[in-house]
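# Fold and geometry: a report
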Amino acid sequence: MPANLSADYKAAEAKFRSSREPQDRLDALREMLRLIPKHKGTEHLQADIKSRMKELTTELAAPRKGAARTGPATVIRLEGAAQVALIGPPNSGKSALHAALTGSHSLSAPYPFATQYPQPGMLPVNDVTIQLIDLPSISGAHPILWLANSLQPADAALLVIDLAAPGCVEAMIEIHDFLAERRVHLVPRWPADGVSAAELDDPFAQEVPCAIVAAKAEIVSGIDDELEALAELSGRSYPAMVVSAETGEGLDQVGPWLFQKLGIVRVYTKMPGGQPDLTRPFTVRSGDTVIDVAELVHRDFVTSFKYARVWGHSGFDGQQVGREHVVEDGDVIEIHS
C-alpha cells in the first residue's frame, strides 16, 4: 500500500535528517509521528519512528557530563566545528592515531578490542577544533550492536586500515556490510566536493562521508600500490591519507584536509560600533547564510532579524545584506535586529 506521505510530513523528515541536537531530532520525530498517515502501508515506518523516539528519550534522560551515570556513553554529543568518527578493524592503529592527533589518553594496546566505548578528543585546526571520536573496532567476531548509533551525530568517518595486516581487504568489506545492515552507508562524497547526496527513501538510513587513513605507514612499502589494490579488491574507492602515529608522518595534513573537505566556514561577529571578536568564530558550512549564523548567536535572531553588515570575502566592507546572504570563511558580520 502506498504511504502517501504529505508535504508537511516530508518537511518534518527533512528537519530530522538535518538536525544535530538530540532534542531537535526528537521534536522532528514527534512531528513525523503526528503527520504520518495511519494505515497498514506505514506500520513499519511508524514502528521505526517510535523506536527512534525511545532511543532519543533515553539519551536525553541520561545524566550529563560530571553527573553519576550507569555506564559510559555510547553516543557522544557534538562539540567543536564538526564530529568525525574513527572506525576500523581490530589493531588497525585507530587509538594510537587518535592519541597522536588529539593528545587524548585513548587506550592503545597490542591486542584487539582495547577500546570498549567511544572516546572523544579535540583536534585543533586553524582557530577551531574538530571532534574526533575513537570508536570500538568493528569485527564480525566481536559485534557491537550499538556502534552504528554512535555514528548518528558524525559529519564523517575516517576508516583506519593497516595495509600490512593480513586480511585487511576482508576486514574493510566486513565493516561496510556490518554498517549497511544497520542502515549506515559509507560514501566517498564529501560536502566540499560539490556533489549532491543521494535521495534516500529510508528516513533513518544515513550516508557518512568516508576517507581511508592508511596507518602505520612506517612499516608499509609501496603504499600507493597497496591503496590501489585495496580499492580494486574491495570494490570501494575513497579519498586516502597516509599517516604514522609512530613517526608523525602525515599527521599535520589530517586537520587541514578535514577542514577543507567538510566545508567548514568560520564567521566572526561584532557589535555595532565595536571591534570584531576574532578569538571565537561561529562555524557553519559552505553555502550557509547570514541567518544560519544569526541562529547560532541567538535563536531569537531568527524572528527579530532585520539586516546584517558584512566585512570579508562575501561582500565589500560594511555591505548591508539580508538573511539569505551566503557567508564565506573569515567573514565578519554585524547583526541588526
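Rules behind the numbers
- Residues numbered from 1 in each chain as written.
- Predicted model: local features only at pLDDT ≥ 70, side-chain atom pairs only at ≥ 80, totals over all residues.
- Heavy atoms only, no water.
- Salt bridge = Lys/Arg side-chain N within 4 Å of Asp/Glu carboxyl O.
- Helix = DSSP H or I, 4+ residues; strand = E, 2+ residues; numbered from the N terminus.
- Buried < 20%, exposed > 50% of the residue type's maximum accessible area, 1.4 Å probe, protein only.
- Core = buried A, V, L, I, M, F, W, Y, C linked by side-chain atoms within 4.5 Å.
- Contact = heavy atoms within 4.5 Å.
- Pairing = 2+ DSSP bridges.
- Axes fitted to C-alpha atoms, helices over the stretch in contact; angles between N-to-C directions.
- Parallel < 35°, antiparallel > 145°, perpendicular 65-115°, else oblique.
- Left-handed = near helix turned anticlockwise from the far one by under 90°.
- Nonpolar A, V, L, I, M, F, W, Y, C, P; charged D, E, K, R; others polar.
- Polar contact = N/O pair within 3.5 Å; in protein donor to acceptor, adjacent residues only side chain to side chain.

Right, let's talk about the pattern of salt bridges for a bit. Tallied over the entire structure, the rule returns 17 salt bridges. A salt bridge links Arg 285 to Asp 155; the nearest nitrogen and oxygen atoms lie 3.4 Å apart. Of this pair, Arg 285 sits in strand β9 (residues 282-285) while Asp 155 sits in the loop between α5 (147-150) and β4 (156-162), and the two are 130 residues apart along the sequence. Residue class for Asp 155 comes out buried when judged on its relative accessible area of 17%. Where Arg 183 meets Asp 202, a salt bridge forms, and the shortest distance between an N and an O atom there is 2.8 Å. You can see Arg 183 sitting in the loop between α6 (168-181) and β5 (184-187) and its partner Asp 202 sitting in the loop between β5 and β6 (206-215), a full 19 residues away along the chain. Among the charged side chains, a salt-bridge network with shared partners connects Asp 48, Arg 183 and Asp 202.

Take the nonpolar core next. Within the largest apolar cluster, 33 residues are counted, with the highest numbers of intra-cluster contacts made by Ile 87, Leu 151, Leu 159, Ile 161, Leu 163, Leu 179 and Leu 186. Elements that contribute at least two residues to this core include exactly β1 (82-87), α5, β4, α6, β5, β6 and α7 (223-234). A total of six residues in this core trace back to one element, the largest contributor, which is α6. In contact with Leu 179, other than residues within four places in its own chain, are Ile 87, Ile 138, Leu 147, Leu 151, Val 184 and Leu 186. Counting 26 residues, the second largest nonpolar core, distinct from the first, contains Leu 101, Val 160, Val 254 and Leu 258.

Glancing now at the environment of Val 284. Within the element layout of this structure, Val 284 appears in strand β9. Each C-alpha atom of the pair Val 284 and Leu 101 lies 23 Å from the other, and the pair is 183 residues apart in sequence. Aside from chain neighbours lying at most four places away, what touches Val 284 is Gly 263, Ile 264, Val 265, Val 267, Asp 292, Val 293, Leu 296 and Val 327.

One open sheet holds the five strands; their spatial order is β9-β8-β12-β10-β11, and the pairing between them is mixed. Taken across any chain shown, the strands that pair with only one partner, and hence form the sheet edges, are β9 and β11 (315-321). When strand polarity is set aside, the average angle formed by the axes of neighbouring strands in this sheet is 30 degrees. Across four bridges, strand β10 (residues 307-312) lies against β11 in antiparallel orientation. In the strand pairing of β11, Ala 308 is matched with Val 321. Along the sheet, helix α9 (residues 290-297) makes contact with β8 (264-269), β9, β10, β11 and β12 (331-336), crossing β9 at roughly 140 degrees.

With that out of the way, let us pick up the packing of α6 against α7. Pairs of packed helices are described in terms of their axes, by the angle between the two and the distance that separates them. Orientation of α6 relative to α7, taken along the N-to-C sense of each, is 50 degrees, at an axis distance of 10 Å. The pairing of α6 with α7 is recorded here as oblique in orientation. When you trace α6 past α7, the crossing you get is right-handed. Between α6 and α7, the residues in contact are Cys 168, Val 169, Met 172 and Ile 173 and Leu 230, Leu 233 and Ser 234, respectively. In the contact of α6 with α7, the residues fall into six nonpolar, one polar and no charged.

Further remarks concern the side chain of Thr 289. Relative to the assigned elements, Thr 289 resides in the loop between β9 and α9. A polar side-chain atom of Thr 289 sits 3.3 Å from the main-chain carbonyl oxygen of Arg 323. Not counting chain neighbours up to four residues away, the residues in contact with Thr 289 comprise Arg 323, Glu 324, His 325, Val 326 and Val 327.

Take it as geometry only, folks, not as evidence of what the structure does.
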